[in-house]
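Structural overview
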Amino acid sequence: MGVGIIGIGKKTADNVITNEDLCKIMDTSNEWIVERTGITERRIATTQKSLDLAVEATKEALEGIDYDSIDLVIVATITPDMLVPSMASLVKMHLGLKNAIVFDLNSACSGFVYTLWTAESLMNASFEKTGRKINRALVIGSERISRMADWTDRGSCILFGDGAGAVVLERREGETGIITTFLKNYDDVNQALWCGIEYEPNPFSGDEVSPPRTLQMSGIQVFKFAVTAVNEVMEQVLEYAGMDADDVDFYVPHQANLRIIKSAAARFGQSLDKFQININTTGNVSAASIPMALYDAVKAGKIKEGDTIMVVGFGGGLSAGATLLKMW
Ligand code: ACO
C-alpha cells in the first residue's frame, strides 16, 4: 500500500515586510540580513489568524476532492490561535470535514515531516476491531509565528514569517508514494530554542518563575545543531532507502537560513539548483515552511510526476527528520 500526495495548497499572510521596513524599527540593515540569512522579505499577518491561513491553504489543496472523503486532519503548528479546540478541530468545523479524525502536532519547524510520518503510519495501520480505514488525510502546517517572535531581539525576529501549506494524502494499492522516513530528537539542554505559555496563577499555586513568552533563540547553537542534524537525517534516510544523494531529483528543505541549505547541498555534492529556495520571500515559517516550499516547487514545474524528492526539517525540541517520496 502506498501513500502519496494528490493535492497541495498554500496561503501566505497578506502583509509584505521588507528588510528596509525592519530597518525603520530596529538597528539592522538589508545587507546584514541578506548576507547572514538569505531573507529579503517575509509576510506578517495583521488580522489573519493561523486558522484563516490554514483554511485557505486547505481549500486550495482540496480543489476537486470530495470533502467527505477526508478521514484524518493533522495540523502541525507551534502558534495555534487557541489551545482548545485544536487547530485541526477548527479546520474540520470550518470546512465541514464531517468524517475526519483530527488533532494537532507540535514538533516546531520539523512539524511537517513528523505530521507526514504520523499520517502515513495511521493510513497503513490496521484497525482490525473496527475495520475503519484512513484512505485520505490532510496534513497542514500553519503558523502565525510573528506573534511568538521577540521583536526586541534583532538576532531572531528578522527570521520569521507567517503562512500555511497543506497537502492531501491518499492511500493506493500497488503504488509507491512515501518511500521512507527518518526522524531524530535531540535534547535542548542549553535552551537553544525556548518559548513558554502564560497561565494565570491559581489559588493554590506557589511562586513560579514563568518561562519567556516570546521565542528565545541562541542563533549560533541552533545553526550548529541544524547543520549537523540535517546531514544526519539526510544520510540516514538515504541509507534506509538504499539510495544515494544523486538518486534524488529534488530537495525541499525547511527554509531557516540559506547558509544551512547551501551547507547541505555542498555536503552531499549536489547542485544548489536541486534545492527549493524561497526563504528570500517567506522567511522561516516554521511548520508551514516545507509545504509552502513544496507548493512553490510544484507550481514552478521544478517537481514532476514520478520524481523522487526529499523533504528535510529541523527545529525546536530539538527535532529533525527527512522523508523520501515519489511524486504522484
Ligand atoms: N542586524 C545586524 N546585526 C545583527 C543582527 C541583525 N538583525 N542580528 C545579530 N547581529 C549582530 C550580532 O549582534 C553580532 O554582533 P557582534 O559580533 O558585534 O556581537 C553579529 O551580528 C553576529 O551575530 P551572530 O548571532 O553570531 O550571527 P550569525 O551569523 O550566527 O547569524 C542567525 C545569526 C541568522 C540567527 C543564525 O545564527 C541562524 O540562522 N541560526 C539558525 C536559526 C534557525 O535555524 N532557527 C530555526 C529554528 S526556529 C523554530 O524551530 C521555531
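Our structure is the block above this text.
In this report, we go over the structure that sits alongside the text. The shown structure was predicted, so the numbers you read here are calculated from the model rather than taken from an experiment.

**Examining the pattern of salt bridges**
Under the definition given, this model contains 14 salt bridges. Taking the shortest distance from any N to any O, the salt bridge between Glu56 and Lys59 comes out at 3.4 Å. Placement of both Glu56 and Lys59 in helix 3 (residues 50–61) is noted, with a separation of three residues, approximately one turn of the helix. Residue Glu56 is classed as partly exposed on the basis of its relative accessible area, which comes to 33%. What makes Lys59 partly exposed here is its relative accessible area of 36%. Between Asp307 and Lys304 there is a salt bridge whose closest N-O contact spans 3.5 Å. When salt bridges that share partners are traced, they join Arg136, Glu170, Arg172 and Glu175 into one network.

**Section: the sheet that holds strand 11 (residues 250–253)**
An order of 8-13-12-11 is seen for the four strands of this open sheet, with the pairing classed as mixed. Edge positions in the open sheet fall to strand 8 (178–185) and strand 11, since each of these has one partner strand only. Across the sheet, the axes of successive neighbouring strands diverge by a mean angle of 10 degrees, strand direction being ignored. One ladder, built from seven bridges, connects strand 8 with strand 13 (residues 319–326); its direction is antiparallel. Each residue of the ladder has a partner; that of Thr180, found in strand 13, is Leu324.

**A few points about a negative patch on the surface**
Where like charges cluster on the molecular surface, the negative patch consists of Asp244, Asp246, Asp247 and Asp249. Tracing the chain through its elements places Asp249 in the loop between helix 6 (219–241) and strand 11.

**Some remarks on the nonpolar core**
Counting 50 residues, the largest nonpolar core has Met234, Leu238, Met310 and Phe314 as its most contacted members. If you tally residues by element for this core, the top one is helix 6, at nine residues. Setting aside its immediate chain neighbours within four residues, Leu238 contacts Met243, Asp244, Ala245, Val248, Phe268, Met310 and Leu324. If you look at the next biggest cluster of nonpolar residues, it comprises 30 residues, including Phe112, Tyr114, Ala137 and Ile178.

**A short note on the environment of Lys10**
For Lys10, the position within the fold is in strand 1 (residues 2–12). It is 9.5 Å that separates the C-alpha atoms of Lys10 and Gly141, two residues lying 131 residues apart in sequence. Those residues in contact with Lys10, other than ones at most four positions away along the chain, are Ala57, Glu60, Ala164, Gly165, Met292, Tyr295 and Asp296. Reaching out from Lys10, the side chain makes a polar contact with the side chain of Asp296 at a distance of 2.8 Å.

**A short note on the packing of aromatic side chains**
Scanning the entire structure with this criterion turns up three aromatic pairs. On the numbers, 5.6 Å between centres and 80 degrees between planes, the contact of Phe182 with Tyr240 is edge-to-face. Pair noted here: Phe182 is in strand 8 and Tyr240 is in helix 6, with a separation of 58 residues, a long-range link. According to the relative accessible area criterion, Phe182 is buried, its value standing at 12%.

**Here's the deal with the environment of Ile33**
Within the secondary structure, Ile33 is located in helix 2 (residues 30–37). Distance in space between the C-alpha atoms of Ile33 and Tyr114 is 29 Å, their sequence separation being 81 residues. What Ile33 contacts, discounting residues up to four positions off in sequence, is Asn19, Leu22, Thr28, Gly38, Ile39, Arg42 and Ile158.

**Looking at the packing of helix 6 against helix 7 (residues 258–267)**
Between helix 6 and helix 7, the shortest axis-to-axis distance is 10 Å and the interhelical angle comes to 40 degrees. As helix 6 runs across helix 7, the sense of the crossing is right-handed. Across the interface between the two elements, Phe223, Ala226, Val227, Val230, Asn231, Met234 and Glu235 of helix 6 pack against Arg259, Ile260, Ser263, Ala264 and Arg267 of helix 7.

**What to know about the site of the ligand**
In the region of the ligand, 25 residues are neighbours, and Thr28, Arg36, Cys109, Arg154 and Asn257 sit closest. Within the contact set of the ligand, a nitrogen atom lies 2.6 Å away from a side-chain nitrogen or oxygen of Thr28. Within the side chain of Arg36, one N or O atom sits 2.7 Å away from an oxygen atom of the ligand. Relative to its unbound accessible surface of 1,000 Å², the ligand loses 73% to contact with the protein. Going through the elements one at a time, helix 2, helix 6, helix 7 and strand 12 (308–315) are the ones with two or more residues in the shell around the ligand. For the shell around the ligand, the leading source of residues is helix 6, giving four residues.

**Here we look at the pairing of strand 11**
Side chains Phe250 and Val252 project from strand 11 onto one buried face, and the interleaved Tyr251 and Pro253 project onto a second face that is buried too. Bridge analysis of strand 11 against strand 12 gives four bridges, and the strand direction is parallel. Paired with Val252 across the two strands is Val311, which belongs to strand 12.

About the cut-offs
- Residues numbered from 1 in each chain as written.
- Predicted model: local features only at pLDDT ≥ 70, side-chain atom pairs only at ≥ 80, totals over all residues.
- Heavy atoms only, no water.
- Salt bridge = Lys/Arg side-chain N within 4 Å of Asp/Glu carboxyl O.
- Helix = DSSP H or I, 4+ residues; strand = E, 2+ residues; numbered from the N terminus.
- Buried < 20%, exposed > 50% of the residue type's maximum accessible area, 1.4 Å probe, protein only.
- Pairing = 2+ DSSP bridges.
- Axes fitted to C-alpha atoms, helices over the stretch in contact; angles between N-to-C directions.
- Patch = residues over 30% accessible without salt bridge, like charges linked within 9 Å, V, L, I, M, F, W, Y side chains within 5 Å.
- Areas by Shrake-Rupley, 256 points an atom, 1.4 Å probe, with all protein chains shown as cover.
- Lys, Arg positive; Asp, Glu negative; His and termini not counted.
- Charge placed at Lys NZ, Arg CZ, Asp CG, Glu CD.
- Core = buried A, V, L, I, M, F, W, Y, C linked by side-chain atoms within 4.5 Å.
- Contact = heavy atoms within 4.5 Å.
- Polar contact = N/O pair within 3.5 Å; in protein donor to acceptor, adjacent residues only side chain to side chain.
- Phe/Tyr/Trp six-rings, centres within 6.5 Å; stacked < 30°, edge-to-face > 60°.
- Left-handed = near helix turned anticlockwise from the far one by under 90°.
- Near = heavy atom within 4 Å.

That's the geometry; what it means functionally is another story.
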